[in-house]
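Secondary and tertiary structure notes
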Amino acid sequence: MNKPRRSRLAAAMSLVSALALTATACGDDGSGMAGAKGAEGPGTGKIVFWDENGGVRTAIWKEIIADFEKANPDIDVQYVGIASTEAQSKYDTAIQGGGLPDVGGVGAAMVAGITAQDALEPLDDRIEGSSLKGKLNDAMMENVRSAAGRDEVYTVPISATNGVLYYRTDLFEKAGLGEPNTWDEFYAAASKLTDRKKNQFGYTIRGGPGSIAQALDAMYGQSGIDSFWDASGTRTTVNDPKNVAALEKYVGLYKKVTPEADLNNDFTKMVAQFDSGSIAMLNHNLGSYQDHVSSLGVSKFRGIPQPELADGTRVMVSNPVSGLGLLKSSENKAAAWKFIEFAASHASNSKFSESAGLIPANKEAAQDPWLDKAETTKLGAEALFSGDTKIVQLPYYLPDWNTLSKADSESGFQKVLLGKTSAEDFLDAFAEDLDAAQAEWKEQQG
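Summarised in this report is the structure supplied together with it. Because the structure is predicted, anything quoted here is derived from the model rather than measured.

1. Details of the pattern of salt bridges
One pass over the full model with this rule turns up 16 salt bridges. Taking the shortest distance from any N to any O, the salt bridge between Asp138 and Lys363 comes out at 3.5 Å. Here Asp138 is found in helix α6 (residues 138–148), whereas its partner Lys363 is found in the loop between β10 (359–360) and α15 (370–373), with 225 residues between them in sequence. Given the relative accessible area of 55%, Asp138 is considered exposed.

2. Describing the pairing of strand β6 (residues 281–285)
For β6, the buried fraction is high: four of the five residues fall into the buried class. Taken together, the five bridges between strand β5 (residues 163–168) and β6 define a ladder with antiparallel strand orientation. Bridge pairing in β6 places Val164 opposite His284.

3. Notes on helix α11 (residues 267–276)
Of the positions making up α11, those classed as buried are Met270, Val271, Phe274 and Asp275. End-on, the buried residues of α11 take up no more than an arc of 130°, which puts them together on one face. As for α11, its buried residues are in contact with β5, α9 (211–223), β6, α12 (289–296) and β7 (301–305). Following α11 by one or two positions, Gly277 has its phi on the positive side, about 100°.

4. A few points about the nonpolar core
Most often, soluble globular proteins keep nonpolar side chains buried together rather than apart. Counting 74 residues, the largest nonpolar core has Tyr203, Leu216, Tyr220, Val238, Leu247, Met281 and Trp401 as the members making the most contacts within it. Element by element, the count of residues in this core is highest for helix α19 (residues 423–445), at eight residues. Grouped together as the second largest cluster of nonpolar side chains are 53 residues, Ile65, Leu123, Leu296 and Ala343 included.

Reading the values: the criteria
- Residues numbered from 1 in each chain as written.
- Predicted model: local features only at pLDDT ≥ 70, side-chain atom pairs only at ≥ 80, totals over all residues.
- Heavy atoms only, no water.
- Salt bridge = Lys/Arg side-chain N within 4 Å of Asp/Glu carboxyl O.
- Helix = DSSP H or I, 4+ residues; strand = E, 2+ residues; numbered from the N terminus.
- Buried < 20%, exposed > 50% of the residue type's maximum accessible area, 1.4 Å probe, protein only.
- Pairing = 2+ DSSP bridges.
- Arc of directions from axis to C-beta.
- Contact = heavy atoms within 4.5 Å.
- Core = buried A, V, L, I, M, F, W, Y, C linked by side-chain atoms within 4.5 Å.

Just distances and angles here, no functional claims.
Set out below in structure tokens:
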């Protein structure tokens, strides 16, 4: 961080361009470059679909594709699974060098950057004229609209997730502890459930990929600050003294009530440790719910919304909404849109969300009986849309938010965990880059 804005962005684009020189010969996994107008096409034939969470969601997407191809035998969907950690760079490379798909999974953190490069088709008119009109959750529609930073929708929302505190009910009961509903109860339980000699830890902190989202959730949840920007909309609250104090307390858990290996752990390793019983509490999102059910059943763990403050206030950072985008360069937009409309329909969206343990975007799917049986998902939905929880909207619309909150910050957060950098210095540097990005974005908006 603390790099000049223009030079940092220029360097990033130079790297993407260099990668693009070797990308064009990587195989038939897409249809074109950003900026190309594409065409509606015949509405039949082959389309390419990129799943931005490949591996994790491959099985359910292939099932939905099979359903779609059965209903539309004249359309062939080629599935391409991409690891979530590689999705952003995959899109950036294809935007510069060609090979974009017809349909792509686009998370909220990626949509602004891809849209800014003229790669996604606006979808308001298509939604208005389709069977999806009025059927998509209003809050999720607002989320994807806001994420693009424009008054247009560029992805059809499929599902939402949010921060969850998973805890091992069997370990809590054995220790005589109640549910950790408040931050004070959370910290007390983390300490009591730690026995380092027995390799038993009260909590696991995310120090590897994806660490910043979890840290922000913990910061704002404890500080009670409910806006990412100050009243002027030009300065971030990320380095507010209350957030600094919250981060200091949170990172103080490292190596005291967490494994030392947490420094590099991603969610896969954390989930495995939690399910094995060596970890009592884990912060992740609804995406790992089914993993816990498969390993533990439903009697040994519970997933609840992020802890409240002592006065009952609950603050959470905005939920990541996953969606499907129609790539502007597609030469078969008619067939691609048929697939998006099918995937977001009642039956398909319900099937997908139940499999993944996520909150469905389709309003009819959200009323299906399975949601009542998936307690963690239901509690998350209630916390997210009840109006009682304060949501800090993260600036997904900033074209380089994904870079600022990942590559530019994760190594800095590790230095905080190791005591090489103070929480205040880390957040001040993060804030400086965020303020500069916000200023640049506002300037571009005129």
